Amino acid sequence: MANKVEREINISREIVKRRLKELLNRDNSLCIVVRGDWGVGKTSLWKEFAKEELNRTKYVYISLFGKKSINDIKDEIMLQLYSYKRVLKPLGEILKNIKVEPAIHSIGNLLSLLVKQESTLKDVIICFDEFERKSTELRPEEILGLISFLKENSNCKLVLIMNEEEIKKENSKYNDYKEKVVDYEIRFNPSVEENLKIVFDSNKHITNSMSEEAKRSFEKVVKRLKITNIRLLTRMLNAYSDFSFIDERFPDLTDEVGYIKEEIYERIFASVYLAAKYNWHEDFANQLSAVVKKINEQNFNAIKKKVNEQEKLDISSNLVDEDDAIMTIEEFLAIKGFLEPLFTLEDYVYYINDYLRYGIITDDIKSYISSLIEKRLKAHQNETVASQFRELLNKLRFNYTEPIDRVVEDIKKFLTDEKVKLLEVIPLMSFIGDLLFLHEFTKDDFFSNLARDIFKQYLEKVCHEHHKQVLDYEWNEDIKYHLRFMEPYYKEIVAELMSILEQRIKEAKNAILSELDCEKIKGIMENIIKQSGWGYKEENILNSLDKEFIKNCLEKSPEFVKYSIDLCGKFAQSFKNFLITFKEAVEELDIEPQRKEYLTKRLLIHDRTPT
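Everything quoted here is computed from the prediction, not taken from an experiment.

Novice: Help me get a handle on the sheet that holds strand β3 (residues 125-129), residues and values and all.
Specialist: If you walk across this open sheet you meet the 5 strands as β2-β3-β4-β1-β5, and the pairing is parallel. The open sheet has two free edges, formed respectively by β2 (59-63) and β5 (184-187), since each of these has just one partner strand. Adjacent strand axes in the sheet meet at a mean angle of 15 degrees when their direction is disregarded. Of the pairings in the sheet, the one linking strand β1 (residues 30-35) to β5 comprises 4 bridges and is parallel in character. Its bridge partner being in β5, I32 is matched across the sheet by Y184.

So this is what it looks like as structure tokens:
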């Protein structure tokens, strides 16, 4: 039998208000619980209802926030009720016809006397709000006892507004007492759309100035994360006021480039949501990092399968000491889509961390966010140029309705105007491949000359600014691969480009080798032996050492001798050139015959190259 799926039904404000009106219009006393999640608008719903439907002379609203005793509650009930009835008289007049006990310690103690002597409390509607925020000195059963007393003695109608789950956490006996007192329960569960509209309508001083992109971003975050907490929504909306400089500085980021602004706003709203919900204002960057680390330690594929089971992830850490630091899997998967870019945008995380911690938008934050948008806009513009270039190439290949000469002239003009932008967005070798194709197709030297010039300029720039990069990284190997792949089609020019590349690599090697000494080489070999691994740089350096350098190190450093033998013994195939050069250096070394013989025999064991 399939598991039953719990249905989540949205219960709107209007539905709850209709139900309250129906129940409170009955003649009998009763107690109604209106429950719902924190921040969904239970209090504002009740106040709307009271204003529309209730007679102030027969209605009392009591916030239990911080109340420490039943007498505190009785005092407020009595004072509100007499104030509303406009019959508050000097205390002496009130007590004239009442036989008062000597030990009356507060106005609230008169409540039971008033119940007996007058009809003051008859048919009164009393709303108790913020049940879960009362003082810990006041037990839930005390309040429920007072409610029972008012129901039975004065035909009162009582409404309790609460987050019931929090009450259950505090007092396991709550259910036992509740069953004796509560007659009806209404769960207020508004939809995301309903509360979103309420927040937008009640903050028109903000929303009227929001761009469409900012509104779409806000709605997207709210709907995907299913946020109904009005306080959280308001905090997020207030953040727009702080970041509205984005709209002011980039009013033209709309239509096809509007997504750039939307993505920035999404990150901001999602960050504010997380900080407010989980109290991460002081240390957002580290808290986020801790959560991501904790998530990554889990079997993520298994987690995704459990979304429908409503399982939860404990995101608490030694940085957060809170019992409710729990995030549902569904919420994490949703927020991950908004915040995943943050995991790689370290600067953004720390700038937003500053904003959340201090509550101030500094010039540095504005400058960073603006530069981020400008980079994205430039990338978009370059991508557009690349797309236009592809369209021209496809027109040459596939569109037979236009003469080749006209298309070729269009391509040449486009390349002349947009070459720099194309190089920023199209990988170097891919762009050169396109140019070589155009040369082969058209037999026009314009394209081959352009390919040659671009390649030379690129290598010269790299070698001039970062001569070590050619040797340190694998990009040159990637270029070699692409050049070899192109060789069958463009043999002559590829040979020229390959010659340029080899010369630049040689110059870079010489520049690096000239800066090396025996100690640095020993360090490289020691790391390789310890880790049983190395990179392209290390392999290239060791295989490029010349005989005189190795001889010099052999004469100066016993460790160099040992590391060299160990290296050749373990990784002879990868360091074959080093082994050959090392052998030649040993042969010319001026040392005792026994030592030379020992070294030669050790090298012969590892040297598998033909003599």
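Novice: So what's going on with the packing of aromatic side chains? Which residues, and what values?
Specialist: Counted according to the given criterion, the structure contains 18 aromatic pairs. For the ring pair W534 and F575, a centre distance of 5.0 Å and an interplane angle of 55 degrees mean the geometry is tilted. Of the two residues, W534 sits in the loop between α26 (518-531) and α27 (536-544) while F575 sits in the loop between α29 (558-571) and α30 (576-588), which places them 41 residues apart along the sequence. Assessed through its relative accessible area of 1%, F575 is described here as buried. Its guanidinium or amino end placed over the ring of F437, R397 lies 4.5 Å from that ring's centre, counting from NZ or CZ.

Novice: Give me the environment of S69: which residues, what numbers.
Specialist: Within the fold, S69 resides in the loop between β2 and α3 (70-84). Overall, the relative accessible area of 25% leaves S69 in the partly exposed class. Residues S69 and K134, spaced 65 residues apart in sequence, show a C-alpha to C-alpha distance of 9.4 Å.

Novice: So, the pairing of β2: which residues are in play, and what are the values?
Specialist: With 5 of 5 residues buried, β2 is to be regarded as a mostly interior element. The side-chain alternation of β2 yields two buried faces, one formed by Y59, Y61 and S63 and the other by V60 and I62. Sheet topology places β2 next to β3; 5 bridges connect them, and they run parallel. Paired with V60 across the bridge in β3 is I126.

Novice: Tell me what's going on with the environment of N552, and back it up with residues and numbers.
Specialist: Position of N552 relative to the elements: it lies in helix α28 (residues 547-556). Judged by its relative accessible area of 32%, N552 falls in the partly exposed class. Remark: the alpha-carbon pair of N552 and A585, spanning 33 residues in sequence, is separated by 9.1 Å.

Novice: Residues and numbers for the packing of α26 against α29, please.
Specialist: Between α26 and α29, whose axes approach to 10 Å, the crossing angle comes to 40 degrees. Of the two possible hands of crossing, α26 and α29 adopt the one that is left-handed. Contact residues: C518, I521, K522, M525, E526, I528 and I529 in α26; E559, F560, Y563, S564, D566, L567, K570 and F571 in α29. When the residues that make up the contact of α26 with α29 are grouped by side-chain class, the tally is 9 nonpolar, 1 polar and 5 charged.

Novice: Report on the nonpolar core, specifying residues and quantitative values.
Specialist: Grouped together as the largest cluster of nonpolar side chains are 54 residues, with contacts concentrated most on F218, M236, F243, I246, I268, Y355 and I369. Residue contributions to this core peak at 11 residues, all from helix α14 (residues 258-278). If we ignore the near neighbours within four places in the chain, the residues touching I246 are K261, I264, Y265, I268, I369 and I373. With 34 residues, the next largest nonpolar core counts F389, L392, V407 and L497 among its residues.

Novice: So what about helix α8 (residues 174-181)? Which residues, and what values?
Specialist: Buried within α8 we find Y174, K178 and V181. All buried residues of α8 project into a common sector of 70 degrees when viewed along the axis, lining one side. Facing away from the buried surface of α8 by more than 90 degrees, the exposed residues are D176, E179 and K180.

Novice: If you had to explain the side chain of R452 to someone new, which residues and values would you point to?
Specialist: Topologically, R452 is positioned in helix α22 (residues 445-465). Beyond its immediate sequence surroundings of up to four residues, R452 is in contact with I493, E496 and L497.

Novice: Tell me about a negative patch on the surface, and name the residues and values.
Specialist: The grouping of D546, E548, E555 and D590 at the surface amounts to a negative patch. Mapping D590 onto the fold places it in the loop between α30 and α31 (593-606).

Novice: Tell me about the packing of α26 against α27, and please be specific about residues and values.
Specialist: Where α26 meets α27, the closest approach of the two axes is 11 Å, and the angle between their N-to-C directions is 125 degrees. Classed by the angle they form, the pair α26 and α27 counts as oblique. The chirality of how α26 crosses α27 is left-handed. Between α26, through I521, I524, M525 and I528, and α27, the contact on the second element is made entirely by E538, I541 and L542. Here the contact of α26 with α27 is composed, by residue class, of 6 nonpolar, no polar and 1 charged.

Novice: Hey, could you go over unusual backbone geometry for me, with residue numbers and the actual values?
Specialist: Non-glycine residue E130 carries a positive phi angle of around 55 degrees. Looking at the element boundaries, E130 is found in the loop between β3 and α6 (140-154).

Parameters at a glance
- Residues numbered from 1 in each chain as written.
- Predicted model: local features only at pLDDT ≥ 70, side-chain atom pairs only at ≥ 80, totals over all residues.
- Heavy atoms only, no water.
- Pairing = 2+ DSSP bridges.
- Helix = DSSP H or I, 4+ residues; strand = E, 2+ residues; numbered from the N terminus.
- Axes fitted to C-alpha atoms, helices over the stretch in contact; angles between N-to-C directions.
- Phe/Tyr/Trp six-rings, centres within 6.5 Å; stacked < 30°, edge-to-face > 60°.
- Buried < 20%, exposed > 50% of the residue type's maximum accessible area, 1.4 Å probe, protein only.
- Lys NZ or Arg CZ within 6 Å of the ring centre and 35° of its normal.
- Left-handed = near helix turned anticlockwise from the far one by under 90°.
- Contact = heavy atoms within 4.5 Å.
- Nonpolar A, V, L, I, M, F, W, Y, C, P; charged D, E, K, R; others polar.
- Core = buried A, V, L, I, M, F, W, Y, C linked by side-chain atoms within 4.5 Å.
- Arc of directions from axis to C-beta.
- Patch = residues over 30% accessible without salt bridge, like charges linked within 9 Å, V, L, I, M, F, W, Y side chains within 5 Å.
- Areas by Shrake-Rupley, 256 points an atom, 1.4 Å probe, with all protein chains shown as cover.
- Salt bridge = Lys/Arg side-chain N within 4 Å of Asp/Glu carboxyl O.
- Lys, Arg positive; Asp, Glu negative; His and termini not counted.
- Charge placed at Lys NZ, Arg CZ, Asp CG, Glu CD.
- Parallel < 35°, antiparallel > 145°, perpendicular 65-115°, else oblique.

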